[in-house]
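Each chain, written out:
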Amino acid sequence: MNRKQYEKFTKDQLLDELMKFGNMNDQFAALNKKFDNFSESHNKLIVELATVKKENNDLKNRLIKVEKNLLKTSQYHRREILEVNEIPLSIPDNQLESTICQALSLSGVPVSPVDIQSIHRTKKLENVIIKFSDRKKRNDILSKRKVFMDMKKDLLDLKLNSDFYINESLCIENSELFYFTRVLKKKNKIHSTWFANNTVNIKGKQSSPTFKIFHKSELETILKLDDLDNFISNL
């Protein structure tokens, strides 16, 4: 509204217009107050969100630490155990121990029933778990496992498969980790992976240092991934 229009107003009309402006000022003041309250609430939420994120990260790190300790403890309890693969089902259970002892002795490390604390087939029946009475004996045999590649005839004489081989026995947590690293190797995301001395090992490139892996979060850090499970499922 321009000046000429205001000049035609009566006194009462001018007072009404002034009242309107006054009300508008009150409304602006109320809006400013609401905005200030909103800004204050928003800032509080930002602080609370940062606090929650920190607490979540702390909890996540504590959980990772617990899971690492669980893996190490689980694998530690398997330090006297070896897993022998491809044992025919034709070998009866009452002959399993004696046959395994003869086969393992082919490595040049004598093995007798007294060296074995327990022996049984796994859910995958062709595989056999052997728990040794002496960890040194177990490690001596493991160090000779490549010898069996040249013992095919001797293995066949014992009615065993020529692709008989032995491995360290992995706990569930290490089995999952080793599965992840083998998939990454197969998809050329890392150079190599192997399991030795109760630990999953990887090399990102041929010239890279060896990394010991105790949790999938370490793979996520090395490979700069947000979610390893999702990454693996999409490969």
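Our structure is the block above this text.
My aim in this report is to walk through the structure given alongside it, one point at a time. (Residues numbered from 1 in each chain as written. Predicted model: local features only at pLDDT ≥ 70, side-chain atom pairs only at ≥ 80, totals over all residues. Heavy atoms only, no water.)

**Quick notes on the sheet that holds strand β4 (residues 165–168)**
Sheet strands pair by backbone hydrogen bonding; their relative direction is either parallel or antiparallel. For clarity, the threshold we go by: Between any two strands, at least two bridges found by DSSP are needed for them to pair. Only DSSP runs of H or I with at least four residues qualify as helices, and only runs of E with at least two residues qualify as strands; both kinds are numbered from the N terminus onward. Each axis is a line fitted through C-alpha atoms, taken for helices only over the stretch in contact, and angles between the N-to-C directions span 0 to 180 degrees. By definition, residues are in contact when any of their heavy atoms lie within 4.5 Å.
One open sheet holds the 4 strands; their spatial order is β2-β3-β1-β4, and the pairing between them is antiparallel. Each edge of the open sheet carries a strand with a single partner, namely β2 (116–121) and β4. Neighbour-to-neighbour, the strand axes of this sheet turn through a mean angle of 25°, independent of strand direction. Running over the sheet, helix α3 (residues 93–105) touches β1 (81–85), β2, β3 (128–132) and β4 and is turned about 115° from β2. Where helix α4 (residues 135–143) meets the sheet, it contacts β1, β3 and β4, and its direction lies at approximately 125° from that of β4.

**Brief notes about the packing of aromatic side chains**
The condition is simple: Under the pairing criterion, centres of Phe, Tyr and Trp rings, with the six-membered ring standing for Trp, must be within 6.5 Å; the plane angle then separates stacked pairs below 30 degrees from edge-to-face pairs above 60, leaving the rest tilted. Exposure is judged per residue with a 1.4 Å probe applied to protein chains only, and the accessible area is read against the type maximum: over 50% gives exposed, under 20% gives buried, and values in between give partly exposed. Our definition puts a charge over a ring when NZ of Lys or CZ of Arg is within 6 Å of the ring centre and also within 35 degrees of the ring normal.
Under the defined criterion, the tally for this structure stands at 3 aromatic pairs. Note on Tyr 179 and Phe 180: the rings are 5.9 Å apart at their centroids and 50° apart in plane angle, and the pair reads as tilted. A relative accessible area of 5% places Phe 180 in the buried class. Here the guanidinium or amino end of Lys 72 rests over the ring plane of Phe 214, the centre of that ring lying 4.7 Å away. The ring of Phe 178 has Arg 182 lying over it, and the distance from NZ or CZ to the ring centre is 4.8 Å.

**Notes on the packing of helix α6 (residues 172–186) against helix α7 (residues 216–223)**
The description of two helices packed together rests on the angle between their axes and the distance between the axes. Note the following rule: An angle counts as roughly parallel when it lies under 35 degrees, as roughly antiparallel when it exceeds 145, as roughly perpendicular when it falls between 65 and 115, and as oblique in every other case. When residues are sorted by character, Ala, Val, Leu, Ile, Met, Phe, Trp, Tyr, Cys and Pro go into the nonpolar class, Asp, Glu, Lys and Arg into the charged class, and all the rest, Gly among them, into the polar class.
The geometry of α6 relative to α7 is characterised by a closest axis approach of 10 Å and an angle of 25° between their N-to-C directions. Between α6 and α7, the angle is such that the two are roughly parallel. Of the residues in α7, those in contact with Leu 177, Phe 180, Thr 181 and Leu 184 of α6 are Lys 216, Leu 219 and Leu 223. Partitioned by chemical class, the residues of the contact of α6 with α7 number 5 nonpolar, 1 polar and 1 charged.

**So, α6**
Where we set the bar: Helix span, expected: 1.5 Å multiplied by one less than the number of residues in the helix.
When the terminal C-alpha atoms of α6 are compared, their 21 Å separation across 15 residues agrees well with the 21 Å that a helix rising 1.5 Å per residue should span. Turning to α6, its buried residues are Asn 174, Leu 177, Phe 178, Phe 180, Thr 181, Val 183 and Leu 184. Within two residues after α6, Asn 188 carries a phi angle of roughly 60°, on the positive side.

**Focus: the pairing of β2**
In the sheet, β2 pairs with β3 via 5 bridges, with the strands oriented antiparallel. Across the sheet, residue His 120 finds its bridge partner in β3, namely Ile 129. Where β2 folds back on β3, the antiparallel hairpin that results is connected by 6 residues.

**Thoughts on the nonpolar core**
For clarity, the threshold we go by: Here, nonpolar core means buried Ala, Val, Leu, Ile, Met, Phe, Trp, Tyr and Cys residues that are tied together by side-chain atoms lying within 4.5 Å of each other.
Among the nonpolar cores identified, the biggest contains 24 residues, and Ile 87, Leu 104, Ile 130, Ile 141, Leu 160, Phe 164 and Ile 166 are the most heavily contacted of them. Secondary structure elements with two or more residues in this core: β1, α3, β3 and α4. Per-element accounting of this core gives the leading share, 5 residues, to α3. Setting aside its immediate chain neighbours within four residues, Ile 87 contacts Leu 96, Ile 100, Arg 121, Leu 125, Glu 126, Val 128, Leu 160 and Phe 164. Core analysis: the next-biggest nonpolar cluster, separate from the first, contains 18 residues, Leu 71, Leu 170, Phe 178 and Phe 180 among them.

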